[in-house]
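A structural walkthrough
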Amino acid sequence: MVKKVGFMLLWMTVLLIFTACSEGSGAGEVDENGWPTTLRMGMMATEDDNNMARSSSAFAEDLAEELGIEVEMFEGQDYNMMIEAMRAEQIDLTNYGPFGYIIAVERSGALPLAILGESEESAMYHSVIIVPADSPVERLEELEGEDFLFVDPASTSGHLFPRASMLSQLGIENEQLEGYFNSVAYSGGHDKSILAIANGDAAGAAVCEFCVEMFAESGLFDPSDVRVIQTTDPIPGGPLAYRDGLPEDLVEKMRDFALSYHEKNPEYFEIMGMKGYFPVEDSDFDVIRETAELLNMSPEEMLN
């Protein structure tokens, strides 16, 4: 009952926020081609990363120029908010993490447009476990009884993949992991987890590997303050996804734009440690669905 009430409160909050944001924006209006007069693009909030904010704004501006329609940016605080905003048809396009994507497919009718990666053959990345640089910890097993941070319940590289890897390595069941550590918490962002480790506020954290490099280059933290002790197997990259129901010719133009955007603005991908957007199919995320089954976690459990 508590979860149901919490979910309803979140749903009402999402509706209020995005309804207020869309007032007067032309939301719901279409032009003579049947395209929306305003395309709404969602992005996740980050902790004081001006480079990421500027690059996202540049992407939206360039997309608007290419499409010849307005593109508005909306900021969400977590995966759940972005998924529910798409479900309410208050955002049309956003980048999801792989686990967030499979939930958005189920809940919000999300479809993949393109995938971030270093090449079409290897659109993969890794999760890492980090500790403070001055910590004596060298192995995961040495974090037993300590305070540990994950990013978000639906985060692929900040929770679900490293969690599955931990269960295998430690030889324990999913429900036993919280008891293995002194405490397990969710920071709400890769940047927040990294800052917590850099400041010595937690003993260990699971974050995406390229996030460590990206936020170090942005000046968010001193890279000498954190240390990687473990790296997971490769993870499929997160897709740029759109909501079902958009006109097919609009979707194709957005896809063509995304797949060639590395030529127009390579800096956008350099900031994220990637080379560009590449073609993707929904079936590419079956390994993510298999991992969810391994963890025996429903979408509600991932998000709550």
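The following paragraphs examine the structure supplied in this document. Being a predicted model, the structure only gives us computed values, none of them experimental.

**Focus: the pairing of strand β7 (residues 147-150)**
- Relative to strand β8 (residues 183-186), β7 runs parallel, the two sharing 4 bridges. Along β8, the bridge assignment pairs Phe148 with Val184.
- Relative to strand β9 (residues 204-208), β7 runs parallel, the two sharing 2 bridges. When the sheet's bridge partners are listed, Phe148 is paired in β9 with Gly204.

**So, the side chain of Thr156**
- Within the secondary structure, Thr156 is located in helix α5 (residues 156-170).
- A polar side-chain atom of Thr156 sits 2.6 Å from the main-chain amide nitrogen of Phe99.
- Setting aside its immediate chain neighbours within four residues, Thr156 contacts Gly97, Pro98, Phe99, Tyr125, Phe161, Pro162, Ile235 and Ile288.

**Here's the deal with the state of the cysteines**
- Counted by the stated rule, this structure contains 1 disulfide.
- Linked covalently through their sulfurs, Cys208 and Cys211 form a disulfide whose S-S length is 1.8 Å. Of note, the bridge from Cys208 to Cys211 carries an S-S torsion of about 105° and is right-handed in sense.

**Topic: the pattern of salt bridges**
- This structure, assessed with the given rule, holds 10 salt bridges.
- The salt bridge involving Arg243 is made with Asp92; its shortest N-O contact spans 2.6 Å. Placement of the pair is Arg243 in strand β12 (residues 239-243) and Asp92 in the loop between α3 (79-87) and β3 (93-95), with a sequence separation of 151 residues. Accessibility assignment for this pair places Arg243 and Asp92 in one class, buried.
- Between Glu141 and Arg139 there is a salt bridge whose closest N-O contact spans 3.4 Å.
- Residue Glu141 is classed as partly exposed on the basis of its relative accessible area of 25%.
- Residue classification places Arg139 among the partly exposed residues on the basis of a relative accessible area of 45%.
- Here the residues in one salt-bridge network are Arg40, Asp92 and Arg243, joined through shared partners.

**Focus: the sheet that holds β9**
- The mixed open sheet is built from 5 strands, whose spatial order is β8-β7-β9-β6-β10. On the outer flanks of this sheet lie β8 and β10 (226-231), each paired with one strand and no other. Between one strand axis and the next, the sheet turns through 30° on average, direction left out of account.
- Relative to β9, helix α8 (residues 209-217) is tilted by about 90°, and along the sheet it contacts β6 (127-132), β9 and β10.

**Side note on the sheet that holds β3**
- Strand order in the open sheet made by the 6 strands is β2-β1-β3-β12-β4-β13, with mixed pairing throughout. Edge positions in the sheet fall to β2 (70-76) and β13 (276-278), since each has one partner strand and no second. Direction aside, the axes of adjacent strands within the sheet are offset by 30° on average.
- The pairing of strand β1 (residues 38-44) with β3 spans 2 bridges and is parallel. Each bridged residue has a counterpart across the sheet, and for Gly42 the counterpart in β3 is Thr94.
- Sheet strands in contact with α3 are β1, β2, β3, β4 (110-117) and β12, and its direction is about 165° off that of β1.
- Along the sheet, helix α9 (residues 248-264) contacts β1, β3, β4, β12 and β13; its crossing angle with β4, the most-contacted strand, is approximately 10°.

**Here's the deal with the packing of aromatic side chains**
- One pass over the structure, following the stated rule, counts 17 aromatic pairs.
- Here the aromatic rings of Tyr261 and Tyr268 are separated by 5.5 Å at their centres, their planes lie at 75°, and the arrangement is edge-to-face.
- A centroid spacing of 6.1 Å and a plane angle of 70° characterise the contact between Tyr261 and Phe269, whose relative ring orientation is edge-to-face. The burial state of Tyr261 is the same as that of Phe269; both residues are buried.
- Put simply, the rings of Phe59, Phe257, Tyr261, Tyr268, Phe269 and Tyr277 pair up and form one aromatic cluster.

Cut-offs applied
Residues numbered from 1 in each chain as written. Predicted model: local features only at pLDDT ≥ 70, side-chain atom pairs only at ≥ 80, totals over all residues. Heavy atoms only, no water. Pairing = 2+ DSSP bridges. Helix = DSSP H or I, 4+ residues; strand = E, 2+ residues; numbered from the N terminus. Polar contact = N/O pair within 3.5 Å; in protein donor to acceptor, adjacent residues only side chain to side chain. Contact = heavy atoms within 4.5 Å. Disulfide = S-S within 2.5 Å. Salt bridge = Lys/Arg side-chain N within 4 Å of Asp/Glu carboxyl O. Buried < 20%, exposed > 50% of the residue type's maximum accessible area, 1.4 Å probe, protein only. Axes fitted to C-alpha atoms, helices over the stretch in contact; angles between N-to-C directions. Phe/Tyr/Trp six-rings, centres within 6.5 Å; stacked < 30°, edge-to-face > 60°.

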